[in-house]
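Chain residues, written in single-letter form:
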Amino acid sequence: MFKQKNKIFKFAAIGLASLAILAGCNSEESSSDKGTDADGVKVRTVKVAFDQASKPISYIDDKGNPTGYDVEVMKLVDELLPEYKFEYVGTTSDDLLIGVEQGKYQVGVKNAFFTQERTEKFIFPKEFLGLSSAGLVLRKEDEGIKTLEDFAKKGYALAPIAANNAQYTIIDEYNTAHPDNKVKLQAGDAFTVDVVQWVNEKRVDGGVMIEGPFKQQVLAEDGPYYNLKDDVVYNEFAVIKTWPLFNKKEQEFADAYDKAIAQIKEQKKTNELSTKFYGRDLFGVLEKVNR
């Protein structure tokens, strides 16, 4: 009987020791986002989500590396923040928004425009990330349409835009300001539609698109719609500030970003990256940007 109890105590001791080891492992894993660098500075690893299919804004290059304007600017921010280590996570636009809101990612970059609705879900820092050209994609015969006013006067209809897309907000703001000359706007179910294809097939009269993706899809020789380069045109109607979206609990991180990006802009590095990825220095028209 004594021997049997002794065995039970031994097994119990082994079990408790195993639990202690597992607890130690779990504790180590839960704090694995923090460490120290060579100078003893505490380093926190943060996940930076990016839309991996939005070339030249953010994408994965031929070697499997994250790149694009938004990503490369964030890499410069990372260099100025020794207390942080950025881990880039390529994903979809929808997952990025949901993931940042829920804390799966600490920040996300996706050529995001400012909307009041988004301030309820994300932290917008004080400093914007970059600038983006928004324009109308039209058939060649309509290339004389240069503004939203021109488009509305024709009674033309836009390709559907999802209501949670900031591009929808831009058109909606225009319609609010021009009640007598509204653009026909339909809220779509999907986050995006194939604007170039819809316009070319005459399913709609035009669509809103960002200049960078238009160039990649239509003007680049390896673009999927390069065969339509003489059939569709892009007419810019606005240059708009773009922002990183921070999780609501990341105010300290957002403040650190603000200090770093201000220095990067002062050094004109954002101008250089704009020219590199967009083919033009959009910061050259910053004084005229009102959104």
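Residues numbered from 1 in each chain as written. Predicted model: local features only at pLDDT ≥ 70, side-chain atom pairs only at ≥ 80, totals over all residues. Heavy atoms only, no water.

Student: Tell me about the overall build of the protein chain, and please be specific about residues and values.
Tutor: Of regular secondary structure, the protein chain possesses 9 helices and 12 strands. Looking at the protein chain residue by residue over its 291 residues, the buried ones come to 46%. By sequence separation, contacts in the protein chain at least 24 residues apart represent 71% of the contacts at least 6 residues apart. Accessible surface, the protein chain: about 15,900 Å² in total, of which carbon and sulfur atoms supply 50%. (Helix = DSSP H or I, 4+ residues; strand = E, 2+ residues; numbered from the N terminus. Buried < 20%, exposed > 50% of the residue type's maximum accessible area, 1.4 Å probe, protein only. Contact = heavy atoms within 4.5 Å. Areas by Shrake-Rupley, 256 points an atom, 1.4 Å probe, with all protein chains shown as cover.)

Student: Residue-level account of the sheet that holds strand β4 (residues 58-60), with values.
Tutor: Strand pairing within a sheet occurs via backbone hydrogen bonds; the two strands may be parallel or antiparallel. Strand order in this open sheet of 3 strands is β3-β4-β5, and the pairing throughout is antiparallel. Both edges of this open sheet fall to β3 (53-54) and β5 (66-67), since each of them pairs with a single strand only. Sheet topology places β3 next to β4; 2 bridges connect them, and they run antiparallel. Looking at the pairing, Ala53 lines up with Tyr59 of β4. (Pairing = 2+ DSSP bridges.)

Student: Can you explain the packing of aromatic side chains? Please cite residues and give values.
Tutor: Scanning all chains against the criterion turns up 12 aromatic pairs. Ring centres of Tyr84 and Phe253 lie 4.7 Å apart, and the angle between their planes is 25 degrees; on these two criteria the pair is classed as stacked. One end of the pair, Tyr84, is in strand β6 (residues 84-91); the other, Phe253, is in helix α8 (residues 251-266), and 169 residues separate them in sequence. A single burial state applies to Tyr84 and to Phe253, both of which are buried. (Phe/Tyr/Trp six-rings, centres within 6.5 Å; stacked < 30°, edge-to-face > 60°.)

Student: How would you summarise empty space enclosed by the protein if you had to cite specific residues and measurements?
Tutor: Under the criterion given, the structure shown has 1 cavity of 30 Å³ or more. The calculated volume of the largest cavity comes to roughly 50 Å³. Considering the residues around the largest cavity, the lining is formed by Ile57, Leu131, Ser132, Ser133, Ile210, Glu211, Gly212, Pro213, Tyr278 and Leu282. Put simply, the parts of the chain that give the lining of the largest cavity at least two residues each are β8 (130-139) and α7 (211-219). (1 Å grid on protein atoms, 1.4 Å probe; cavity = no way out; pocket = protein on both sides within 12 Å on 5 of 7 lines; lining within 4 Å. Points joined across faces, edges and corners; volume = space filled by probe spheres on them.)

Student: Describe in detail helix α9 (residues 269-278), supporting the description with residues and values.
Tutor: Regarding α9, the residues found buried are Thr270, Asn271, Leu273, Ser274, Phe277 and Tyr278. The arc enclosing the buried residues of α9, seen along the axis, measures out at 165 degrees, which places them on a common side. For α9, the exposed residues lying more than 90 degrees away from the buried face are Glu272 and Lys276. Gly279 sits one or two residues past α9 and shows a positive phi near 80 degrees. (Arc of directions from axis to C-beta.)

Student: Break down the pattern of salt bridges for me, with residues and values.
Tutor: Evaluated as defined, the whole model comprises 13 salt bridges. With a closest N to O distance of 3.5 Å, Lys104 and Asp95 form a salt bridge. Lys104 sits in the partly exposed class, given a relative accessible area of 47%. By relative accessible area, Asp95 is classed as partly exposed at 23%. Of the charged contacts in the structure, one is a salt bridge between Lys265 and Glu127, with a shortest N-O distance of 3.0 Å. With Lys265 in helix α8 and Glu127 in the loop between β7 (107-112) and β8, this pair connects stretches of sequence that are 138 residues apart. Residue class for Lys265 comes out buried when judged on its relative accessible area of 14%. Sharing partners across several salt bridges, the network here consists of Glu211, Lys215, Glu236 and Arg280. (Salt bridge = Lys/Arg side-chain N within 4 Å of Asp/Glu carboxyl O.)

Student: I'd like a description of the pairing of strand β2 (residues 42-51), backed by residues and values.
Tutor: Pairing analysis gives 8 bridges linking β2 to β6, with the strands arranged parallel. If you follow Lys47 over to β6, its bridge partner there is Glu87.

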